[in-house]
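Chain by chain, the residues:
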Amino acid sequence: MDETGMRRALTRIAHEILERNKGFENCMLIGVRTRGIYLARRIAERIMEIENVPVPIGEIDVTRYRDDRSGRMERAVHKSDGAASGMDIQNKKIILFDDVLFTGRTVRAAMDALMDLGRPQMIQLAVLVDRGHRELPIRPDYVGKNIPTSRLESIEVLLKEVDGSDQVVITQYRRQNG
């Protein structure tokens with residue numbers, strides 16, 4: 001996916017979010033660090049252009065909520081301006097945004113972190129790329145592009161804000177001889 005394809009996918013997702021939620025009232029975008037927050041910000045810009053309403057955005061770091069790491073952190077959601085205090089997610093419609101959906105474990109960790117902060121009305125999932133291979137029963141509500149992959153492939157999302165360019169790249173893992 002090139003820059004144009006990414007822009008079109010994000011614009012489509014913004015429209016789908018607005019249609020499904022009948023606007024953006026009582027909604028909040030939360031991006032999973034690192035690339036999910038940049039994608040959430042881009043979606044917020046598009047929603048602002050379309051609806052001319054403020055779009056609350058937050059970010060979440062799920063590192064200590066992952067089931068493949070030991071230890072948990074007390075709070076993982078922060079205002080996108082970097083403030084340390086948690087956001088009020090109580091009874092809000094949360095649109096959780098991540099770059100790639102693979103096994104579903106990152107999304108499960110993000111939901112655990114959100115539930116530690118309160119009880120949202122609902123959590124919807126938006127991803128730029130769904131590559132399949134789920135290990136948990138998690139399905140996105142909004143998908144930029146489905147890219148079926150093998151387990152020997154990896155999807156890398158490159159963003160201008162982090163990497164200097166916008167593109168989605170498939171790379172092949174090398175098999176170890178032995």
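Conventions and cut-offs
Residues numbered from 1 in each chain as written. Predicted model: local features only at pLDDT ≥ 70, side-chain atom pairs only at ≥ 80, totals over all residues. Heavy atoms only, no water. Helix = DSSP H or I, 4+ residues; strand = E, 2+ residues; numbered from the N terminus. Buried < 20%, exposed > 50% of the residue type's maximum accessible area, 1.4 Å probe, protein only. Contact = heavy atoms within 4.5 Å. Areas by Shrake-Rupley, 256 points an atom, 1.4 Å probe, with all protein chains shown as cover. Axes fitted to C-alpha atoms, helices over the stretch in contact; angles between N-to-C directions. Parallel < 35°, antiparallel > 145°, perpendicular 65-115°, else oblique. Left-handed = near helix turned anticlockwise from the far one by under 90°. Salt bridge = Lys/Arg side-chain N within 4 Å of Asp/Glu carboxyl O. Core = buried A, V, L, I, M, F, W, Y, C linked by side-chain atoms within 4.5 Å. UniProt positions renumbered as here; feature names shortened; annotations may be inferred. Expected span 1.5 Å × (residues − 1).

1. Here we look at the overall build of the protein
- Each helix and strand counted, the protein has four helices and eight strands in total.
- Walking the protein from its N terminus toward its C terminus, one meets helices and strands in the order α-β-α-β-β-β-α-β-β-β-α-β.
- Residue burial in the protein is summarised as follows: out of 178 residues, 47% are buried.
- Taking contacts inside the protein between residues at least 6 apart in sequence as the whole, the part at least 24 apart equals 65%.
- Just so you have it, the protein exposes about 9,600 Å², and 44% of that area is on carbon and sulfur atoms.

2. Looking at the packing of helix H1 (residues 3-20) against helix H2 (residues 35-51)
- Relative orientation of the contacting elements H1 and H2 amounts to 60 degrees, with a least axis distance of 9 Å. Our classification of the angle between H1 and H2 gives oblique. H1 and H2 meet at a crossing whose hand is right-handed. Facing Met6, Arg7, Leu10, Thr11, Ile13, Ala14, His15, Ile17 and Leu18 of H1, the residues of H2 in contact are Leu39, Arg42, Ile43, Arg46, Ile47, Ile50 and Glu51.

3. A word on the pattern of salt bridges
- Throughout the structure, instances matching the rule amount to 13 salt bridges.
- Residue aspartate 141 pairs with arginine 20 through a salt bridge whose shortest N-O separation is 2.8 Å. Of this pair, aspartate 141 sits in the loop between strand S5 (122-130) and strand S6 (142-146) while arginine 20 sits in helix H1, and the two are 121 residues apart along the sequence.
- Owing to a relative accessible area of 30%, aspartate 141 belongs among the partly exposed residues under this scheme.

4. Some words on the nonpolar core
- Counting residues in hydrophobic clusters, the biggest one holds 30 residues, and the most contacted among them are Ile17, Phe24, Leu29, Ile43 and Leu128.
- Those elements that place two or more of their residues in this core are H1, strand S1 (27-32), H2, strand S4 (93-101), S5 and strand S7 (153-158).
- No other element matches the seven residues that H1 contributes to this core.
- The contacts of phenylalanine 24, once residues within four sequence positions are left out, are Ile17, Leu18, Leu29, Ile47, Val53, Pro54, Val55, Pro56 and Ile95.

5. Some details on the UniProt feature "short sequence motif: PRPP-binding" (unreviewed entry) in the protein
- Here, UniProt's "short sequence motif: PRPP-binding" (unreviewed entry) annotation points to residues 94-106.
- Helix makes up 15% of residues 94-106 and strand 62%, whereas the separation of the span's terminal C-alpha atoms amounts to 16 Å.

6. Overview of the environment of serine 154
- With respect to the helices and strands, serine 154 occurs in strand S7.
- For serine 154 and tyrosine 173, which are 19 residues apart along the polypeptide, the C-alpha to C-alpha distance reads 7.0 Å.
- When neighbours within four sequence positions are excluded, serine 154 is seen to be in contact with Arg131, Val169, Ile170, Thr171 and Tyr173.

7. Some words on H1
- Compared with an ideal rise of 1.5 Å per residue, which puts 18 residues at 26 Å, H1 spans 26 Å between its outermost C-alpha atoms and is within 8% of the ideal.
- Of all the residues in H1, the buried ones are Met6, Ala9, Leu10, Ile13, Ala14, Ile17 and Leu18.
- Two residues or fewer past H1, lysine 22 is found with a positive phi of approximately 50 degrees.

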